[in-house]
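A closer look at the structure
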Amino acid sequence: MGRLLSPRVVRPPQSEHQSQGPRLRAVLPWLALFAAVVALRAVRFGTVFGESGTHTPYAADEFYHLRRIWFSVVNFPASLDFDLYMNHPVGAKPIWPPFFDWGVAALARVLVGGEDQRAVEVVAAWVPPVLGGLSVLASVALIRRLHSAAAGWVTGVLLAVLPAHIELSRLGEVDHHVAVGLLATLLVGSGAGLAAADTRASRWAALRTGGLAGAAILLWPGALLHVAVVEGFLLAQLLLERERGEAIARARSLALLHAVAALVLLPFCIGQAWPQFGTYSPQVLSRFQPLWFGAAAAAFAVASAWWAGSRVGETRRQRLGSGLLVATLGAGLALVGVPGLTKSVGEAAGWFGGESFLQFVAETQPLFFPRGPAFAPRLAYGQFTWLLWAYPIGLATLFWGAWRRRRSDALLVLTASCVASIAVLAQFRFRDVAALGFAWVMGPALVEAGRALGRRTRAPRAVRVGVIVVGLLVAALPGLRRAEGDLHASLAGSPPRRSAEIWLRRALRELGLWVRENTPPTQGYLDPTLRPGYGVLSAWGYGHLLRYTAERPMVQDNFGPWGGREGSAAARRYYAMQDEDAAAALAERMGARYVVATITGSGQGGSRPGSLARRLVPVRRDDGVLARRGPPFERHRLLYVADDGGWRPLQGGALLAPALYEIVAGARVRGMAPAGVAHVVFELTLAVPVRERFHYRAQAPVAADGSYEIRLPIPSEAGYQVTAGGQVASLRISERDVREGRLVAGPHFE
């Protein structure tokens, strides 16, 4: 038991042919696999590259990455560290570290320069497929080293066609998750090398693993979860070690690993200020990460020195007890002596479900329960195929084999795969690393299944190979079927009609472009020293898309409360309000001049009957003319409806198409009505881009003295039709009347 996790790996000597370096025949399979991976992820080129720029069907986080990439290209080598176009009017710091975006920006400047935004988008769009191809090759190399060449290539093919990996590395999916997967593969592989290294080689393995750990967290602070898996395994290996000298050497290697990671992180973390998260938050780059690694480095250094200089290190039990004592004292000193650490760590736990906002985020839902407590495996099958049910068997079989052979490196890889699979069961967002771990297990498992069949039944080689081929076909069909649909859509130049959400985001993109061209520009989009004049309200899930296409500040965006609780809370209250005047006043306090209306409201619930979330959505009447539900608006002026004529009305006639409103003061109209009339009716039909007619109808109650007063939000040089009893008049209202809230004399009926 004492040597169970210690290295016992016998490497076959290299032949003279191998030592001469890779020849063309050896390189060709790697190049072919890389090319196939990139091609499979690029089949939707026709829907990504259009006349109006680069876009993707779901258009979420990609557009904030593109914003920061373009900012760094224009202002190179600066990065966007505080954004006044977030959480308007306060602004906020993006919660993602800037290094992924900065790296893409640097690449774009080298390849296409810094003048053409469209060319920069093209470079950024190709980064995910390339990183996806590299992660596949890294996985092949890892599994070849741990198992066999056959297992490595099967793993690579499986990962190449696995939908969970394809989705995060497709053309245009400009997000850091695919880079996180690549770094996680390199980190786990390096950690496996450290676990299997002898004392002489462990120093270089520790340096390499520490550097990769720091780089992974600079890419995404949540990568600490992946780093912790490697740390935990190496710690367990240390504590189970029976030989004193080996234990001391491993403790020193772990001290070096953590010291290197702390040094990598320190320059980028020490000066960070996060009013919302605190100074020591694991959720963002802060002082927490250098503290974590620095304290661990000190603890391992103290433990190794203690074990080497006293009798405490003689037995495994003594080392375990003394190590726990050092760890407990260190943790206690940190929690007591570092102000705000306990609170920040407790708040970070909300990232796993304590934060109520997470219920609205699809990627944070459990893999098998994405829409509530009902078991719904369709998403899991679509991402990991039917081989998902064979995964536990493959994991258990490989784990037992590695345990019997005392292969610590293989055990680390399997442990990482197991933790990733548990994480994706809890939250779908962890599929970036879960897809890799799934392939690391199922690739070797398929090869072992073929070999086991041959040993037990003496089946011919063709049958054994057939087992592997059938497994790969089962894995490939969902991804290839989806790729076929993407290819057809790409050749047609339009996205596949898979869901209303895809078309809604496409319409929102058109709305954003219309806003950029037809509303007053705001300063500071590429200069964070200039404060913009107004902002835009929308559902949180569309904020990144609208900001990038419209180049306007957003009150809330896809960061949700993590991108500024002020804007997130204000948007939730605004869309839930029923009193239009109160809602307009709230919007004005937030500096919001325009409002985007969709069927989701704020995206945070609160879409009750009578709320602005419901009333703002246009309704198409039987005659095809748009109208309103509920009382007419007095402060919201309809400007644009992203409807190309192909939208089907939802229940109650509400449109899926998004609408744009401007918040205005509204012209105040006063006049006199004929005797005996209870209401004066104002009607107006106007053209609204793209191809809609909107009918506005409001009525003013008549007072006892015959006077009436109403507020109208829409200017009309052609004139409103005003009806009182049997009398009809016309009323012209100018743009300035509406914007400045002027008092306008209405018709004076006799």
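About the criteria used
Residues numbered from 1 in each chain as written. Predicted model: local features only at pLDDT ≥ 70, side-chain atom pairs only at ≥ 80, totals over all residues. Heavy atoms only, no water. Helix = DSSP H or I, 4+ residues; strand = E, 2+ residues; numbered from the N terminus. Buried < 20%, exposed > 50% of the residue type's maximum accessible area, 1.4 Å probe, protein only. Contact = heavy atoms within 4.5 Å. Areas by Shrake-Rupley, 256 points an atom, 1.4 Å probe, with all protein chains shown as cover. Pairing = 2+ DSSP bridges. Axes fitted to C-alpha atoms, helices over the stretch in contact; angles between N-to-C directions. Salt bridge = Lys/Arg side-chain N within 4 Å of Asp/Glu carboxyl O. pLDDT = per-residue confidence, 0-100. Core = buried A, V, L, I, M, F, W, Y, C linked by side-chain atoms within 4.5 Å. Left-handed = near helix turned anticlockwise from the far one by under 90°. Nonpolar A, V, L, I, M, F, W, Y, C, P; charged D, E, K, R; others polar. Phe/Tyr/Trp six-rings, centres within 6.5 Å; stacked < 30°, edge-to-face > 60°. Lys NZ or Arg CZ within 6 Å of the ring centre and 35° of its normal. Lys, Arg positive; Asp, Glu negative; His and termini not counted. Parallel < 35°, antiparallel > 145°, perpendicular 65-115°, else oblique.

Topic: the overall build of the protein chain
- When you go through the protein chain residue by residue, the secondary structure sums to 26 helices and 15 strands.
- The proportion of buried residues among the 750 residues of the protein chain is 56%.
- Within the protein chain, counting contacts between residues at least 6 apart in sequence, those at least 24 apart form 70% of the total.
- A total accessible area of about 32100 Å² is found for the protein chain, and carbon and sulfur atoms account for 61% of it.

Focus on the sheet that holds strand S4 (residues 592-597)
- Strand order in this open sheet of four strands is S3-S4-S8-S7, and the pairing throughout is mixed. Both edges of this open sheet fall to strand S3 (535-537) and strand S7 (636-641), since each of them pairs with a single strand only. Ignoring strand direction, the axes of neighbouring strands in this sheet form an average angle of 30 degrees.
- Direction of pairing for S3 relative to S4: parallel, over a ladder of three bridges. Its bridge partner lying in S4, Gly 535 is registered against Ala 592.

Some words on the pattern of salt bridges
- In total, this model carries 24 salt bridges according to the counting rule given.
- A salt bridge links Arg 170 to Glu 173, with the nearest nitrogen and oxygen atoms 3.7 Å apart.
- The class for Arg 170 is buried, based on a relative accessible area of 9%.
- Among the residues examined, Glu 173 registers a relative accessible area of 11% and is labelled buried.
- Note that Glu 448 and Arg 451 form a salt bridge whose closest N and O atoms lie 3.6 Å from each other. Highlighted residues: Glu 448 and Arg 451, both in helix H19 (residues 431-457), separated by three residues, approximately one helical turn.
- Residue classification places Glu 448 among the partly exposed residues on the basis of a relative accessible area of 29%.
- A network of salt bridges, in which partner residues are shared, links Arg 593, Arg 637, Glu 662, Glu 735 and Arg 739.

Digging into the sheet that holds strand S9 (residues 667-672)
- Reading across the sheet, the three strands line up as S12-S9-S15 and stay open at both edges, with mixed pairing between neighbours. Every other strand in the sheet has two partners, leaving strand S12 (707-712) and strand S15 (743-748) as the edge strands with one partner each. Within this sheet the neighbouring strands show an average axis-to-axis angle of 25 degrees, counted without direction.
- Where S9 lies against S12, six bridges are found, and the strand directions are antiparallel. By the bridge assignment for S12, Met 672 is matched with Ser 707.

A word on the confidence of the model for the protein chain
- On average, residues of the protein chain score 86 in pLDDT, and 89% of them reach the 70 mark or higher.
- Looking at the elements of the protein chain, mean pLDDT is at its lowest for helix H1 (residues 16-19), recorded as 49, and at its highest for S3, recorded as 97.

Digging into the nonpolar core
- Ranked by internal contacts, the top residues of the largest apolar core, which has 139 residues, are Phe 384 and Leu 660.
- With twelve residues, helix H6 (residues 117-146) is the single largest residue contributor to this core.
- Once you skip the residues sitting within four places of it in the chain, Leu 660 turns out to touch Leu 511, Trp 514, Val 515, Tyr 594, Val 595, Val 596, Arg 637, Leu 638, Leu 639 and Tyr 640.
- In this structure, Tyr 575, Ala 657, Val 669 and Phe 749 belong to the second largest nonpolar core, which totals 51 residues.

Overview of the packing of helix H13 (residues 288-309) against helix H14 (residues 316-337)
- For the pair H13 and H14, the least separation of the axes is 10 Å and the interaxial angle reads 145 degrees. As for how H13 packs across H14, the hand of that crossing is right-handed. Of the residues in H14, those touching H13 at Ala 299, Val 302, Trp 306 and Trp 307 are Arg 319, Ser 322, Gly 323, Leu 325 and Val 326.
- When its residues are assigned to classes, the contact of H13 with H14 shows six nonpolar, two polar and one charged.

A few points about the packing of aromatic side chains
- Evaluation of the coordinates by the stated rule reveals 24 aromatic pairs.
- Measuring from centroid to centroid gives 5.7 Å for Tyr 391 and Phe 438, while their planes differ by 25 degrees, and the two rings are stacked. With Tyr 391 in helix H17 (residues 391-405) and Phe 438 in helix H19, this residue pair connects regions lying 47 residues apart in the sequence.
- The exposure class of Tyr 391 is buried, given its relative accessible area of 7%.
- An aromatic cluster of at least three residues, connected via ring pairs, comprises Phe 368, Phe 369, Phe 375, Tyr 381, Trp 386 and Trp 389.
- One cation-aromatic arrangement involves Arg 67 over Tyr 525; the distance from NZ or CZ to the ring centre is 4.3 Å.
- Positioned above the aromatic ring of Tyr 534 is the side chain of Arg 593, whose terminal nitrogen or guanidinium carbon lies 5.5 Å from the ring centre.

Looking at the side chain of Asp 61
- As for its position among the elements, Asp 61 is in the loop between strand S2 (53-54) and helix H4 (62-74).
- For Asp 61, which is buried and forms no salt bridge, the nearest opposite charge comes from Arg 505, at a distance of 8.1 Å.

Digging into the packing of H6 against helix H9 (residues 177-196)
- For the pair H6 and H9, the least separation of the axes is 8 Å and the interaxial angle reads 20 degrees. Taken together, the axes of H6 and H9 lie roughly parallel to each other. The way H6 lies across H9 gives a crossing that is left-handed. Each of Pro 128, Leu 131, Gly 132, Leu 134, Ser 135, Ala 138, Ser 139, Leu 142 and Arg 145 in H6 lies in contact with H9, whose residues at this interface are Val 178, Ala 179, Leu 182, Thr 185, Leu 186, Gly 189, Ala 192 and Gly 193.

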